[in-house]
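Observations on the model geometry
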Amino acid sequence: MQPPAGGRKPTRTRVHRAWFVAAVTFVTIIGAAAFRSVPGLFIDPLHEEFGWSRGTIGAAVSVNLALYGLTAPFAAALMDRYGIRKVVAVALTVIALGSGLTVWMTAAWQLMLCWGLLVGLGSGSMALAFAATVTNRWFTERRGLVSGILTAASASGQLIFLPVLSWIVDTHDWRPAAVTVALAALAVVPFVWLLLHDHPADVGQKPYGAREFVPKPAPVPGAARRALKVLSSAVRTGPFWLLAGTFAICGASTNGLIQTHFVPASHDHGMPITTAASLLAVIGVFDVVGTIASGWFTDRFDSRRLLAVYYALRGISLLFLPILLAPSVHPPMIFFIVFYGLDWVATVPPTLALCREHYGDDSPIVFGWVLASHQVGAAVVAFLGGVARDTFGSYDVVWYASGALCAAAALMALVIRHRPSAPAPAAP
């Protein structure tokens, strides 16, 4: 083969370091996703062993979910102050500690402390604000796609761990499952410490797609003060309340409802726990596809209209769920699982894009507060779902109410105003 004209050797195209950072972030979120798979699997075993009501267990899950959201904006500010690597490594360690300590609990308040407080605080620092920070620092192009991929990591972790954990709970006990979660979180810490770089400038590179080198900003002191300052500014704007409201309904209809109560609700209808957990894992399979596709759509279409479509379809599917639950799996249930999985967290990439559009450099922290509303909504339904089951003997009223809320979220998404891009500077 002859060399190219001019005698120059062909240049090799190197993969940008940003993609390696995104890959490490993906693996990190997968490892942390083990604890996200557990609450629905523990409700019946804890109820049977300790006699705690489902409302009491749901209250502990709701504390976990609320702290998951309320910690996120402070974690995003802490990442600006101390770096991504340190914050994430400490968060994973706290998750492992909280999950591991549950094996010795004998009272409901200990469940609140370990699974509610410790795992909630640790998971909040591993929330989607982590993915938003990585995306904003390392990418100026393909942000929608990358945010979709990183969001899908949580679903991938659910896919990996749910069948394993449900088998452990069914075959052995809930305690070995809790230990498995702790070990999974600890196993990721070395990857974070050795491979996760805080900023492109640390390795002398530009963000992916950037035309100019971006120097690493100085550490921002006063993480809590900055998080509250950003919140104080954001609450004065209409888009914040609409994004927070829609995302609260998103959390209520996913983490609070399906992730927490789908397994016990299916078990109420005679379905084995392992089968119900496997269906939840299948949701995770299609969640990966739907979220990555949503990121691709977000780079090309109006985020407000995407959100409206996602919420409307989710609401319709929830209205049909009560008539689909049965002792065995049948084709209409499979259709629901596939359909719901595609829509599970497809809302995240367009919500992130709208935060970037309206709040610029503060968008990771603003998204952290929007995520807090997501988790508060999840926490409310995690608790009320258990109370409804104790009161009415079934979950039907919860499915119908959540479907109606999703319809309201679709309308709210369409009301968010579009902020036009700043005009490009005129050529000299």
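Residues numbered from 1 in each chain as written. Predicted model: local features only at pLDDT ≥ 70, side-chain atom pairs only at ≥ 80, totals over all residues. Heavy atoms only, no water.

1. Re the overall build of the chain
Scanning the chain from N- to C-terminus turns up 17 helices and 0 strands. Across the 428 residues that make up the chain, the buried fraction comes to 55%. For the chain, the share of sequence-separated contacts (at least 6 apart) that also reach a separation of at least 24 residues comes to 83%. (Helix = DSSP H or I, 4+ residues; strand = E, 2+ residues; numbered from the N terminus. Buried < 20%, exposed > 50% of the residue type's maximum accessible area, 1.4 Å probe, protein only. Contact = heavy atoms within 4.5 Å.)

2. Details of empty space enclosed by the protein
Within this structure, the stated rule accounts for 2 cavities of 30 Å³ or more. In this structure, the second largest cavity occupies an estimated 70 Å³ of space. Lining of the second largest cavity is provided by 10 residues; of these, Phe42, Leu46, Val61, Leu111 and Trp115 occupy positions nearest its centre. Going through the elements one at a time, helix H2 (39–50), helix H3 (54–82) and helix H5 (108–125) are the ones with two or more residues in the lining of the second largest cavity. Here the residues of the lining of the second largest cavity are counted per class, giving 9 nonpolar, 1 polar and no charged. (1 Å grid on protein atoms, 1.4 Å probe; cavity = no way out; pocket = protein on both sides within 12 Å on 5 of 7 lines; lining within 4 Å. Points joined across faces, edges and corners; volume = space filled by probe spheres on them. Nonpolar A, V, L, I, M, F, W, Y, C, P; charged D, E, K, R; others polar.)

3. Examining the environment of valine 146
Examined against the element boundaries, valine 146 turns out to sit in helix H7 (residues 143–171). A relative accessible area of 2% means that valine 146 is categorised as buried. In this structure, the C-alpha to C-alpha distance between valine 146 and asparagine 136, residues 10 residues apart in sequence, is 9.9 Å. Look past the residues within four positions of valine 146 in its chain and what remains in contact with it is Trp19, Thr135 and Phe139.

4. Describing helix H15 (residues 348–359)
If you check H15, its first and last C-alpha atoms are 16 Å apart, about what 12 residues at 1.5 Å a residue would give, namely 16 Å. Every buried residue of H15 is accounted for by Val348, Pro349, Pro350, Thr351, Leu352, Ala353, Leu354, Cys355, Arg356, His358 and Tyr359. Within two residues after H15, glycine 360 carries a phi angle of roughly 55°, on the positive side. (Expected span 1.5 Å × (residues − 1).)

5. Considerations on the confidence of the model for the chain
When pLDDT is averaged along the chain, the result is 80, and 89% of the positions lie at 70 or above. Low pLDDT, under 50, characterises residues 1–13; the predicted model gives this stretch 1 contact beyond four residues in sequence or across chains. Here residues 422–428 is a poorly scored stretch, pLDDT under 50, and it has 0 contacts once near neighbours within four places are set aside; other chains count. (pLDDT = per-residue confidence, 0-100.)

6. Remarks on the pattern of salt bridges
For the structure on display, the rule yields 6 salt bridges. Here aspartate 302 makes a salt bridge to arginine 304, at a shortest N to O gap of 2.7 Å. Judged by relative accessible area, arginine 304 falls into the buried class, the value being 17%. For the salt bridge of arginine 314 with aspartate 343, the shortest nitrogen-to-oxygen distance reads 3.1 Å. Residue arginine 314 is found in helix H13 (residues 303–320), and its partner aspartate 343 is found in helix H14 (residues 331–343); the two are separated by 29 residues along the sequence. Put simply, Glu49, Asp173 and Arg175 are held in one network by salt bridges that share partners. (Salt bridge = Lys/Arg side-chain N within 4 Å of Asp/Glu carboxyl O.)

7. Considerations on the layout of surface pockets
The space that makes up the largest pocket amounts to roughly 680 Å³. Considering the residues around the largest pocket, the lining is formed by 29 residues, among which Asp80, Asn136, Arg137, His199 and Pro217 are closest to the centre. At the level of elements, H3, helix H6 (128–138) and helix H16 (363–392) are the ones that each hand at least two residues to the lining of the largest pocket. Among the elements that line the lining of the largest pocket, the one with the most residues is H3, at 5 residues.

8. Some thoughts on the packing of helix H11 (residues 255–268) against H16
Contact geometry of H11 with H16 gives a least axis separation of 7 Å together with a crossing angle of 25°. Classified by the angle their axes make, H11 and H16 are roughly parallel. Only His374, Gln375, Ala378, Val381, Ala382, Gly385, Gly386 and Arg389 of H16 make contact with H11, whose side of the interface consists of Asn255, Gly256, Leu257, Thr260, His261 and Asp268. Each residue belonging to the contact of H11 with H16 can be placed in one class, and the counts come to 4 nonpolar, 8 polar and 2 charged. (Axes fitted to C-alpha atoms, helices over the stretch in contact; angles between N-to-C directions. Parallel < 35°, antiparallel > 145°, perpendicular 65-115°, else oblique.)

9. Quick notes on the packing of aromatic side chains
For the structure shown, the criterion picks out 12 aromatic pairs. With a centroid separation of 6.0 Å and an interplanar angle of 25°, the aromatic rings of phenylalanine 335 and phenylalanine 339 are classed as stacked. Of this pair, phenylalanine 335 and phenylalanine 339 both sit in helix H14, 4 residues apart, which is roughly one turn of the helix. Exposure remark for phenylalanine 335: the relative accessible area of 60% places this residue in the exposed category. In textbook terms, an aromatic cluster arises when at least three aromatic residues are bridged by ring pairs, as seen for Trp19, Phe139 and Tyr208. The ring of tryptophan 193 has arginine 85 lying over it, and the distance from NZ or CZ to the ring centre is 5.0 Å. (Phe/Tyr/Trp six-rings, centres within 6.5 Å; stacked < 30°, edge-to-face > 60°. Lys NZ or Arg CZ within 6 Å of the ring centre and 35° of its normal.)

10. Points about the nonpolar core
Nonpolar side chains in soluble globular proteins tend to be buried together. Counting residues in hydrophobic clusters, the biggest one holds 85 residues, and the most contacted among them are Leu41, Phe42, Ile258, Phe262 and Met333. In terms of residue count, H16 provides more of this core than any other element does, 9 residues in total. Counting only domains with at least three residues in this core, you end up with domain 1 (17–203) and domain 2 (223–415). Sequence-distant contacts of isoleucine 258, defined by excluding residues within four places in its chain, comprise Ser253, Leu280, Ile283, Leu318, Leu321, Tyr340, Trp344 and Trp399. Formed by 30 residues, the second largest nonpolar core is a distinct cluster that contains Ile29, Ile84, Leu92 and Ala131. (Core = buried A, V, L, I, M, F, W, Y, C linked by side-chain atoms within 4.5 Å. Domains from an automatic or database assignment.)

11. Re a nonpolar patch on the surface
A surface patch of nonpolar side chains, amounting to about 670 Å² of accessible area, comprises Val309, Leu313, Ile316, Leu319, Phe320, Ile323 and Tyr400. Taking the relative accessible area as the measure of exposure, tyrosine 400 reaches 40% and is therefore partly exposed. (Patch = residues over 30% accessible without salt bridge, like charges linked within 9 Å, V, L, I, M, F, W, Y side chains within 5 Å. Areas by Shrake-Rupley, 256 points an atom, 1.4 Å probe, with all protein chains shown as cover.)

12. Here we look at H16
Side chains that are three or four residues apart share a direction in an α-helix, a result of its 3.6 residues per turn. For H16, with 30 residues, the first-to-last C-alpha span of 42 Å sits near the 44 Å given by 1.5 Å per residue. In terms of burial, H16 is largely enclosed, as 22 of its 30 residues are buried. Downstream of H16 by a residue or two, glycine 393 has a phi angle that is positive, lying close to 80°.

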